[in-house]
Amino acid sequence: MINVISENQTFSASRYWSLLKRYLVENRKSLLFFTGVVWGVIMLICVNIGRFLDVAIELSLFAALFMVFACLSASYMFSSLRTKELRVNTLMLPASMLEKYMVRFTVYIVMFVPMYLLACVAGDLVRALVHDSETIWSYDFDWFLGRFSVMSVLMYQSLYALGSSLWPRHSFFKTFLALFGLMFACMLFFPWSAFLWFDEISEFGLYAFMVSVTVAAYVAAWFRFRSVQVVQRFM
């Protein structure tokens, strides 16, 4: 049983773990369904068209799917706010808003990454066994491109998490349209020369920019999630 929160307490590790276990149990069907979809898509690709894929194409495909599924997972982060009844149920849980936020962050952001990586490793091993081919571990990686791809996924994942806090219903499509509109507006109103700094920036500067955007998006999502409590009190 989750202990009732005291007014001067914002985070309790024991209450966080209790809430996390409760959230996983209550949402196990949807979480298992999403996990099954991710593993199913990767296995189908590796088994059915694996014979036509070399390691470089397979890695590119894994990276593209990583982006898509990571953004989809982040889009469900605040799905419990999509109706008034669900918002009330969320607010009535005897835990702080920070704990509720961290539970959602853990489930849809942190836990997704190892789940997807395990699916890729398993899919690659199945492809190698079924088609008697080499695995991705035999490939000479471009580590800069790999780091950039991972950082890009994490950055866009944070933006879709922010979009989920703004638009809990149909979050993925609304966030996609918002980002597309933002990029189109930047290209329309700013000359191409304004974006040349991107080619000249150092690797450290590039990662610092991406980390800053990621942290800012999650902080903004936290403030948006916390504001639900304030709004609900005055309704």
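Worth saying up front: this structure is predicted, and the values here are computed from it rather than measured. Throughout this document, residue positions are counted from 1 along each chain, in the order its sequence is written. Thresholds applied to this predicted model are a pLDDT of at least 70 for local features of residues and 80 or more for the giving and counting of side-chain atom pairs; totals over whole chains, interfaces and linings are not thresholded and use all residues. Heavy atoms from the whole structure form the basis of all side-chain values; hydrogens and water molecules are not counted.

### Here we look at helix α2 (residues 28-48)
Here a helix means four or more residues in a row that DSSP labels H or I, a strand means two or more in a row labelled E, and each is numbered from the N terminus. Working rule for helices: expected span equals 1.5 Å times residues minus one. The first and last C-alpha atoms of α2 sit 29 Å apart over 21 residues, in line with the 30 Å expected at 1.5 Å per residue. Accessible area is worked out with a 1.4 Å probe on protein chains only. A residue is then buried under 20% of its type maximum, exposed over 50%, and partly exposed in between. Buried within α2 we find Leu-31, Phe-34, Val-38, Ile-42, Ile-45 and Cys-46. Looking straight down α2, one finds that the buried residues subtend no more than 105° of arc, so they occupy a single side. Exposed residues lying more than 90 degrees from the buried face of α2 are Lys-29, Leu-32, Phe-33 and Leu-44. Looking at the buried side of α2, the elements it contacts are α1 (13-26), α3 (55-75), α5 (97-110) and α6 (112-131). Regarding the arc, it is the one traced by the directions from the helix axis to the C-beta atoms. We call two residues in contact when some of their heavy atoms are within 4.5 Å.

### Some remarks on the side chain of Thr-106
Along the polypeptide, Thr-106 turns up in helix α5. Judged by relative accessible area, which is 12%, Thr-106 ranks as buried. Discounting chain neighbours no more than four positions away, the residues touching Thr-106 are Tyr-16, Leu-20 and Met-111.

### Describing a nonpolar patch on the surface
Each patch is built from salt-bridge-free residues with over 30% relative accessible area, joining like charges within 9 Å and nonpolar side chains (Val, Leu, Ile, Met, Phe, Trp, Tyr) within 5 Å. Areas reported here follow the Shrake-Rupley algorithm with a probe of radius 1.4 Å; residue values treat only the protein chains shown as occluding. Whenever a carboxyl oxygen of Asp or Glu lies within 4 Å of a side-chain nitrogen of Lys or Arg, that contact is scored as a salt bridge. Taken together, the side chains of Phe-176, Leu-177, Phe-180, Met-183, Phe-184, Leu-188 and Phe-189 make up a nonpolar region of the molecular surface, amounting to roughly 820 Å² of accessible area. Considering the arrangement of structural elements, one finds Leu-177 in helix α8 (residues 171-189).

### Some words on the packing of helix α7 (residues 143-166) against α8
To obtain an axis, a line is fitted to C-alpha atoms, over the contacting stretch when the element is a helix, and the angle between two such axes runs from 0 to 180 degrees between their N-to-C directions. Two numbers describe how α7 lies on α8: the axes approach to 9 Å, and their chain directions differ by 115°. Note on packing geometry: the crossing formed by α7 with α8 is right-handed. Between α7, through Tyr-156, Leu-159, Tyr-160, Gly-163 and Ser-164, and α8, the contact on the second element is made entirely by Ser-171, Phe-172, Thr-175, Phe-176, Leu-179 and Met-183. Rotating anticlockwise by less than a right angle from the far helix to the near helix defines a left-handed crossing, while the corresponding clockwise rotation defines a right-handed one.

### Quick word on the confidence of the model for the protein chain
Atom-level detail of predicted coordinates should not be read off regions where pLDDT is low. Per-chain confidence: the protein chain averages 83 in pLDDT, with 85% of residues scoring 70 or above. Of all helices and strands in the protein chain, the one with the weakest mean pLDDT is helix α9 (residues 197-200) (59), whereas α5 scores best (93). A low-confidence stretch, residues 1-8 (pLDDT under 50), is modelled with 12 contacts involving residues beyond four sequence positions or located in other chains. Note on residues 231-235: pLDDT is under 50 here. Beyond four places in sequence and across chains, it has 5 contacts. The predictor's confidence in any single residue is recorded as pLDDT, a number from 0 to 100.

### Things to note about unusual backbone geometry
Negative phi values dominate among residues other than glycine, just as trans dominates among peptide bonds. Phi at His-170 takes a positive value of approximately 55°, unusual for a residue other than glycine. With respect to the secondary-structure elements, His-170 resides in the loop between α7 and α8.

### Observations regarding the pattern of salt bridges
Within the structure shown, the criterion is met by 3 salt bridges. The partner of Arg-15 in a salt bridge is Glu-99, with the nearest N and O atoms 2.6 Å apart. Of this pair, Arg-15 sits in helix α1 while Glu-99 sits in helix α5, and the two are 84 residues apart along the sequence. With a relative accessible area of 0%, Glu-99 lands in the buried category. In this structure, Arg-127 engages Asp-124 in a salt bridge whose closest nitrogen and oxygen atoms are separated by 3.2 Å. Note that Arg-127 and Asp-124 are positioned in helix α6 at a spacing of 3 residues, about one turn of the helix. On the basis of relative accessibility, which here comes to 1%, the residue Arg-127 falls in the buried class.

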